[in-house]
Each structure stands twice: as structure tokens, then as C-alpha cells.
Amino acid sequence: DTGVSQDPRHKITKRGQNVTFRCDPISEHNRLYWYRQTLGQGPEFLTYFQNEAQLEKSRLLSDRFSAERPKGSFSTLEIQRTEQGDSAMYLCATMESGQPTDTQYFGPGTRLTVL
Amino acid sequence: TQLLEQSPQFLSIQEGENLTVYCNSSSVFSSLQWYRQEPGEGPVLLVTVVTGGEVKKLKRLTFQFGDARKDSSLHITAAQPGDTGLYLCAGVGTYNTDKLIFGTGTRLQVFP
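Residues numbered from 1 in each chain as written. Chains lettered and ligands numbered in written order. Predicted model: local features only at pLDDT ≥ 70, side-chain atom pairs only at ≥ 80, totals over all residues. Heavy atoms only, no water.

Novice: Lay out the overall build of chain B with the relevant residues and their values.
Specialist: A count of helices and strands for chain B gives 0 helices and 11 strands. Starting at the N terminus and walking to the C terminus, you meet the elements of chain B as β-β-β-β-β-β-β-β-β-β-β. For a compact globule of 112 residues, the expected C-alpha radius of gyration is about 13 Å, and chain B comes in at 13 Å, within 12% of that figure. Along the longest, intermediate and shortest principal axes, the C-alpha atoms of chain B span 45 × 30 × 20 Å. Taking all 112 residues of chain B together, the buried fraction comes to 47%. For chain B, the proportion of contacts with a sequence separation of at least 24, taken over those separated by at least 6, is 54%. Here chain B has roughly 5200 Å² of accessible surface; of this, 50% comes from carbon and sulfur atoms. (Helix = DSSP H or I, 4+ residues; strand = E, 2+ residues; numbered from the N terminus. Rg over C-alpha atoms; globule rule 2.2 N^0.38 Å. Buried < 20%, exposed > 50% of the residue type's maximum accessible area, 1.4 Å probe, protein only. Contact = heavy atoms within 4.5 Å. Areas by Shrake-Rupley, 256 points an atom, 1.4 Å probe, with all protein chains shown as cover.)

If you want it as C-alpha cells, here you go:
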């Protein structure tokens with residue numbers, strides 16, 4: 001247990017439905033990242049927050065995706081009108097400061113299956 | 001676009017054998033990290049290498065960063081079933097965000 005929690009751990013939904021995932025970081029960590037991992041691949045960066053500010057979004061993040069981090073604590077990732085291609089593991093990672101050698105601590109992920 | 005290619009993609013060996021996993025890129029990274037991921041869990045950091053040519057050892061695992069900071073290797077001596085998992089290298093870019101650029105992954109299975 002890294003101290004980063006994600007909820008739910010698993011989500012099965014039908015195509016076209018909206019889903020929302022939550023990430024609770026280690027309390028003193030000001031940086032929060034979302035990654036997506038498809039089966040057999042390494043994670044891909046989606047978006048990044050420093051405190052409550054969303055500072056970078058990947059081109060992978062279509063208009064159907066939105067992420068928030070109100071008050072710089074927990075974060076939510078919402079996918080609207082889900083598609084089968086959205087099926088993946090969604091990972092959250094948090095970090096305290098900003099040195100390249102600092103450790104990102106990953107949560108256990110939310111596995112999304114879109115039917 | 002920064003890409004990290006890992007080889008081999010899959011590795012299935014007997015307990016006690018040695019193995020090496022390679023991570024190659026055409027891009028330079030400020031540092032490179034190795035992670036291990038088990039099914040249903042997030043990646044867990046094993047090591048960070050920063051200086052070109054750096055070698056770090058973690059028990060039976062030896063990590064090396066290439067002189068030009070574009071490639072890295074992970075060598076496991078006398079592999080054990082507990083080493084089974086997905087090994088990922090990740091480059092930390094020169095971006096202010098310090099987002100990770102992950103490699104394609106190497107799935108290792110060690111049989112008793």
C-alpha cells in the first residue's frame with residue numbers, strides 16, 4: 001500500500017454512459033498525475049495537477065475526458081459518453097516536490113471495462 | 001515524441017537463471033526509473049538513475065544508465081519466482097511537469 005487510494009477498483013459500464021473515478025493522494029503531495037494503461041502496455045500520461053491547477057493535458061485526453069482537483073487534495077477523472085476504446089486501467093500517481101529524482105507513488109488503479 | 005522501447009517483450013525462465021532487460025530511446029532523459037508492476041496493482045519504483053554511466057545495485061538487481069542517458073539496462077542474477085512481474089522503464093523528461101514516459105514493458109515469468 002503506497003498511501004495513494006483509488007475508487008472504484010473496478011468499473012463495468014455500457015458504451016455511452018458517463019463514469020467518474022476518484023484518487024486520494026498522500027496528504028502532503030502537491031503533484032498529482034493521471035495515467036492510462038492498456039493491456040500489455042506501459043502507462044501513458046494523461047494529465048497533471050500542481051495543487052489545484054491543471055498544468056498539462058495529453059493529446060490523448062479527448063474532449064470527453066475531464067479532470068479536477070478541487071482544493072488541491074483529491075482528484076476526479078470523468079469520462080463522458082464512454083467508448084469501448086476507453087477500456088483500460090486508469091492510474092493515479094502523486095509526488096511531493098518536483099525534482100526529477102523524486103518518487104511518484106502510484107495508486108492501485110481503476111480498471112474500466114466498457115461493454 | 002519521446003519513445004522508450006523495451007526488449008524483450010516477454011521472458012520466461014527457470015529459477016536460478018540470469019537475465020537482462022533493455023530500455024532504449026532516441027531521446028535524452030534527465031533521469032530514468034525502473035518500476036515493477038504486479039497484476040491489479042500500480043507500478044512500484046525500484047530505482048532512479050541520473051548520471052550517464054551510472055550503475056546501481058539492489059540485491060540481485062543491477063541497473064545501468066547509458067553514457068548518453070538514452071538507454072538503460074536491468075540485469076537480474078539468479079532469478080527467483082518472486083521476481084515475476086511486469087518491468088517498466090520510465091524516462092523523466094526535461095519538462096517542468098516531470099511526467100513519466102514509460103517504456104513498452106517486459107513481462108517476466110520465473111518458474112520454480
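Novice: How would you summarise the overall build of chain A if you had to cite specific residues and measurements?
Specialist: Secondary structure summary: chain A contains 0 helices and 11 strands in total. Dimensions of chain A, computed from C-alpha atoms along their principal axes, come out at roughly 40 × 25 × 20 Å. Across the 115 residues in chain A, those meeting the buried criterion constitute 46%. Split by element, the accessible area of chain A, about 5800 Å² in all, is 43% carbon and sulfur. Taking the average location of the 14 positive side-chain charges in chain A and that of its 14 negative ones, the two points are 8 Å from each other. (Lys, Arg positive; Asp, Glu negative; His and termini not counted. Charge placed at Lys NZ, Arg CZ, Asp CG, Glu CD.)

Novice: Describe the side chain of T82 of chain A, and please don't skip the residues or the numbers.
Specialist: Residues and elements named next belong to chain A. Take T82: it is sitting in the loop between β8 (75-79) and β9 (88-95). According to the relative accessible area criterion, T82 is buried, its value standing at 1%. Apart from the residues within four sequence positions on either side, T82 is in contact with T13, K14, R15, G16, Q17, V19, R64 and V114.

Novice: Any details on the state of the cysteines? Residues and values, ideally.
Specialist: Structurally, a disulfide amounts to a covalent bond that connects the sulfur atoms of two cysteines. Evaluated as defined, the whole model comprises 2 disulfides over all chains. Between the sulfur atoms of C23 of chain A and its disulfide partner C92 of chain A the distance amounts to 1.9 Å. A torsion of -60 degrees about the S-S bond marks the disulfide between C23 of chain A and C92 of chain A as left-handed. Here C23 of chain A, found in strand β3 (residues 19-24), pairs with C92 of chain A, found in strand β9; they are 69 residues apart in sequence, far enough to count as distant. Across the pair, exposure class does not vary: C23 of chain A and C92 of chain A are buried alike. The disulfide that involves C23 of chain B links it to C89 of chain B, with 2.1 Å between the sulfurs. (Disulfide = S-S within 2.5 Å.)

Novice: Outline the sheet that holds β3 of chain A, listing residues and values.
Specialist: Residue and element names in this part refer to chain A. Sheet architecture is open: 4 strands sit in the order β1-β3-β8-β7, paired in antiparallel fashion. Strands at the two margins of the open sheet, each flanked by one partner only, are β1 (5-7) and β7 (65-68). For this sheet, the mean angle separating the axes of adjacent strands, direction not counted, is 15 degrees. Across 5 bridges, β3 lies against β8 in antiparallel orientation. Considered in β8, the bridge of F21 is made with L77. (Pairing = 2+ DSSP bridges. Axes fitted to C-alpha atoms, helices over the stretch in contact; angles between N-to-C directions.)

Geometric values such as these leave the question of function open.
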